[in-house]
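Chain by chain, the residues:
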Amino acid sequence: MDKQNFPTNQVPDESRRDFLKKVSAVGVATTALTFFDGSEVFAEVPEYVNNVPAAAMSVKLNINGTLKELPIDSRTTLLDALRERLDLTGTKKGCDHGQCGACTVIVDGRRVLSCLTLAAMCDDKKITTIEGIATGETLHPIQQAFLDYDALQCGYCTPGQICSAVALMQEAKNGEASFVTENLNVKAANLKLSDDEIRERMSGNICRCGAYSNIVAAIREVQNK
Amino acid sequence: MKPFNFTKANNQAEAVKSIKPDGKFIAGGTNLIDLMKEGILQPSQLVDISRLPLSTIQTNKSGGVTIGALAKNSDTANHPLIRQNYPLLAQSILAGASAQIRNMATLGGNMNQQTRCAYFYDVAMPCNKREANSGCGAMEGLNKNHAILGWSESCVATNPSDMSVALAALDATVNILGTNGKIRTISFTDYHRLPENDATKDNNLKSGELIVSVDLPKIGVPTNSHYLKVRERTSYAFALVSVAVVWYAKGGRINSPRIVLGGVAHKPWRCVEAENFLGGRIANEENFKQAAEIALKDAKPLQDNAYKVTLAKRAIVRAFMNANGK
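Residues numbered from 1 in each chain as written. Chains lettered and ligands numbered in written order. Predicted model: local features only at pLDDT ≥ 70, side-chain atom pairs only at ≥ 80, totals over all residues.

## Concerning the overall build of chain A
So, point 1. Regarding its fold elements, chain A presents seven helices and five strands.
So, point 2. Starting at the N terminus and ending at the C terminus, chain A contains elements arranged as α-α-β-β-α-β-β-β-α-α-α-α.
So, point 3. Looking at the 225 residues of chain A, the share that counts as buried comes to 40%.
So, point 4. Relative to all contacts within chain A whose residues are 6 or more apart in sequence, the contacts with residues 24 or more apart total 58%. (Helix = DSSP H or I, 4+ residues; strand = E, 2+ residues; numbered from the N terminus. Buried ≥ 20, exposed ≤ 12 C-beta atoms within 10 Å, placed from the backbone. Contact = placed C-beta atoms within 7 Å.)

Here it is in structure tokens:
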């Protein structure tokens, strides 16, 4: 596949979030359909995430190498803390119930779902979000491969896909098995993964646009180098 | 989500001492947080046990392996002791959930995960498991995913765990710390329970008790085992039917067979009569088929799930055929 140059420095006048909210509002006005009232499109943010009582608990989050101390309501998920309190909106809220993988982040080197993680339980853990995957201006090989192979359409699941794929690389390096691994008895490091292996290992990240074939191609390219 | 008091336990004794009757221990949180978001569970207190030193996997005195209750599912499935000696357990864990969830979920939490019955999850529906004596929506409702064995008028839900099916087949035992500070040990097959007339209880853990570890007995050699999971998509889906089989070869015959079904009952369903039939017989397809008939002879399908009876029989035969010589 030809390499494509994507504009990486074009910042629109209004943020993508504000834009999407407006589009959603237009949808309500013009269609008046209850199934498109915004709340169906955007999983809700609980009121207690931003409205923190004075007697709240405090949590120390080490995010992308920066320590942030934050008063939170104990119910706050890591996902809501990242997006609503720390403006790290690269991590996406999809289903908010652990079924789609859009909220995948890397905690202490392992990929996890931030929507099912309480921020209160992340004290002093090392959290890497999509904002911390690149090294300065240099993209992570997985990020570059997603561009090269056009491994996305709308892009909403992409931060989760990329965090997941970055962690997958380490799991393969460690020799960790998946359900389709043939011989469980032998644990060998630096696994080269077949497409079936990549698909199985990425099955926790749903792409509603169906960009799967290009996602597999991007990961194959980096993984088998 | 309802407000709750959040504390961290510094040790096991403190954990069982501090837990209140309507409190919950939290470790991985993959099931608990989801249920709390839906308002299905509303604990007034969460005690964080995730940092207790209960995640080791090591050889025990009887030559078997002890897995700490807080061992992550991914670490258990990839531990050399498990992959080499209990591949059935590794297979079953890797058949469940996604890599992200397996990185979070723990042994004890997986054992305690709750049913995925849609009526349990929908707070607008009656459910005897969610609210005692409110009725069962699934009994006369959409029940293609529900139980065919061991159900009662109270509840037709199934236990969703893959891992528990394998642990039941491996003759595991569970070590539980009580509020009195003492450890009691029960067999894994006695851990989960049938709904009978109280569907609110999935297992025999008493209020305030904490699972600390699971023991696997020394594995005999040569061992044959296989975990077969049948689902509606090839990955990241709960089982319609699953089966764990394990047996030891002795003089060309089957010794100590175990057959445990998942996705068919309120607990991992061990098929003792079918096991007794197979013990001492030659490992061939005809005998596996007869064992499968015996295993399902008491099945009572609901209106939408008679297919599970045929599926379970064929899954048993195929699991044995796959395990033969492996």
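More follows now that the structure is in view.
## A look at the overall build of chain B
So, point 1. When helices and strands are counted, chain B shows 12 helices and 12 strands.
So, point 2. Its C-alpha atoms give chain B a radius of gyration of 19 Å, within 12% of the compact-globule value 20 Å for 326 residues.
So, point 3. Over its C-alpha atoms, taken along the principal directions, chain B stretches across nearly 60 × 50 × 35 Å.
So, point 4. Evaluated residue by residue, chain B yields a buried proportion of 53% over its 326 residues.
So, point 5. If you take every contact in chain B between residues at least 6 apart in sequence, the share linking residues at least 24 apart comes to 63%. (Rg over C-alpha atoms; globule rule 2.2 N^0.38 Å.)

## Some details on the pairing of strand E8 (residues 210-216) of chain B
Residue and element names in this part refer to chain B.
So, point 1. Of all seven residues in E8, six are buried; the element is thus mostly enclosed.
So, point 2. Where strand E5 (residues 65-68) lies against E8, four bridges are found, and the strand directions are antiparallel. Bridge pairing links Val 65 to Leu 216 in E8.
So, point 3. In terms of strand pairing, strand E6 (residues 173-177) meets E8 through five bridges, oriented antiparallel. Looking at the pairing, Asn 175 lines up with Ser 213 of E8. (Pairing = 2+ DSSP bridges.)

## What to know about the confidence of the model for chain A
Residue and element names in this part refer to chain A.
So, point 1. Averaged over all residues, the pLDDT of chain A equals 86, while 80% of them reach at least 70.
So, point 2. Below pLDDT 50 for its whole length, residues 1-13 participates in six contacts with residues either more than four positions away or in separate chains.
So, point 3. Across residues 19-36 the pLDDT falls below 50, and counting only partners more than four positions away or on other chains, this stretch makes 12 contacts in the model. (pLDDT = per-residue confidence, 0-100.)

## Quick look at the sheet that holds strand E2 (residues 23-26) of chain B
Two orientations exist for strands paired in a sheet by backbone hydrogen bonds: parallel and antiparallel.
All names here are of chain B.
So, point 1. The parallel open sheet is built from three strands, whose spatial order is E1-E3-E2. Where the open sheet ends on each side, the last strands, each with one partner, are strand E1 (5-8) and E2. Averaged over all adjacent pairs, the angle separating strand axes in this sheet is 20°, with direction ignored.
So, point 2. Bridge analysis of E2 against strand E3 (residues 45-48) gives four bridges, and the strand direction is parallel. Counted as the bridge partner of Phe 25 is Val 47 from E3. (Axes fitted to C-alpha atoms, helices over the stretch in contact; angles between N-to-C directions.)

## Considering the nonpolar core
So, point 1. In this structure, Ala 166, Ala 169, Leu 170, Val 243, Ala 244, Val 245 and Ile 316 of chain B are the most contacted members of the largest nonpolar core, which totals 156 residues.
So, point 2. Those residues within four positions of Ile 316 of chain B in sequence are excluded, and the remaining contacts are Val 243, Ile 259, Phe 288, Ala 291, Ala 292 and Ala 295 of chain B. (Core = buried A, V, L, I, M, F, W, Y, C linked by C-beta atoms within 7 Å.)

## Side note on helix H5 (residues 87-94) of chain B
So, point 1. In terms of residue burial, H5 of chain B counts as a mostly covered element, since eight of its eight residues are buried.
So, point 2. Along H5 of chain B, the positions that sit buried rather than exposed are Pro 87, Leu 88, Leu 89, Ala 90, Gln 91, Ser 92, Ile 93 and Leu 94 of chain B.

## Some words on unusual backbone geometry
All names here are of chain A.
So, point 1. Despite not being glycine, Asn 64 has its phi angle at roughly 50°, a positive value.
So, point 2. Judged by the 15 C-beta atoms lying within 10 Å of it, Asn 64 is partly exposed.
So, point 3. Positive phi outside glycine occurs at Asp 150, with the angle close to 55°.
So, point 4. Considering the arrangement of structural elements, one finds Asp 150 in the loop between helix H4 (141-148) and helix H5 (158-174).
So, point 5. On the neighbour-count criterion, Asp 150 (16 C-beta atoms within 10 Å) is partly exposed.

## Some details on the packing of H5 of chain A against helix H7 (residues 212-223) of chain A
Residues and elements named next belong to chain A.
So, point 1. Running from amino to carboxyl end, H5 crosses H7 at an angle of 35°, the nearest separation of the two axes being 11 Å. The element H5 and its partner H7 pack so that their crossing is right-handed. The residues of H7 that touch H5, namely those facing Gln 161, Ala 165, Leu 168, Met 169 and Ala 172, are Ile 215, Ile 219, Val 222 and Gln 223.
So, point 2. Among the residues forming the contact of H5 with H7, the class breakdown is seven nonpolar, two polar and no charged. (Left-handed = near helix turned anticlockwise from the far one by under 90°. Nonpolar A, V, L, I, M, F, W, Y, C, P; charged D, E, K, R; others polar.)

## Re the interface of chain B and chain A
So, point 1. Counting residues at the interface gives 29 residues for chain B, matched by 29 residues for chain A.
So, point 2. Contributions of two or more residues to the side of chain B that touches chain A are made by helix H2 (32-37), helix H3 (73-78), helix H4 (80-85), H5 and helix H6 (99-104) of chain B.
So, point 3. It is H6 of chain B that provides the largest number of residues to the side of chain B that touches chain A, a total of five residues.

## Re the confidence of the model for chain B
So, point 1. Across chain B, the average pLDDT comes to 96, with 99% of residues at or above 70.
So, point 2. Across the assembled chains, the prediction reports ipTM 0.97 with pTM 0.92.

## What to know about the environment of Tyr 236 of chain B
So, point 1. Relative to the assigned elements, Tyr 236 of chain B resides in the loop between strand E9 (223-230) and strand E10 (241-250).
So, point 2. C-alpha of Tyr 236 of chain B to C-alpha of Leu 94 of chain B: the two residues are 142 residues apart in sequence and 9.9 Å apart in space.

## Side note on the packing of H4 of chain A against H5 of chain A
Residues and elements named next belong to chain A.
So, point 1. At a minimum axis separation of 9 Å, H4 and H5 run at an interaxial angle of 130°. The orientation of H4 relative to H5 falls into the category oblique. Seen from above, H4 lies across H5 with right-handed handedness. Contacts between H4 and H5 involve Ile 142, Gln 143 and Phe 146 from the former and Thr 158, Ile 162, Ala 165 and Val 166 from the latter.
So, point 2. Looking at the contact of H4 with H5, its residues break down into five nonpolar, two polar and no charged. (Parallel < 35°, antiparallel > 145°, perpendicular 65-115°, else oblique.)

## Some details on helix H3 (residues 78-85) of chain A
Residue and element names in this part refer to chain A.
So, point 1. For H3, the buried fraction is high: six of the eight residues fall into the buried class.
So, point 2. Those residues of H3 lying buried are Leu 78, Leu 79, Asp 80, Ala 81, Leu 82 and Arg 83.
So, point 3. Structurally, H3 contributes buried residues whose contacts are with helix H2 (47-50), strand E1 (57-63) and strand E2 (66-72).

## With respect to the environment of Asp 198 of chain B
So, point 1. By the element assignment, Asp 198 of chain B lies in the loop between strand E7 (183-187) and E8.
So, point 2. The spacing of Asp 198 of chain B and Glu 285 of chain B is 87 residues in sequence and 40 Å in space, taken between C-alpha atoms.

## Looking at the sheet that holds E9 of chain B
Residues and elements named next belong to chain B.
So, point 1. If you trace the four strands from one edge of the open sheet to the other, you get E9-E10-E11-E12, paired in antiparallel fashion. Two strands in the sheet have a free side with no partner beyond their single neighbour: E9 and strand E12 (269-270).
So, point 2. The pairing of E9 with E10 spans eight bridges and is antiparallel. By the bridge assignment, Thr 223 is partnered in E10 with Tyr 248.
So, point 3. Where H5 meets the sheet, its contacts fall on E9 and E10, and the angle it forms with E9 comes to roughly 10°.

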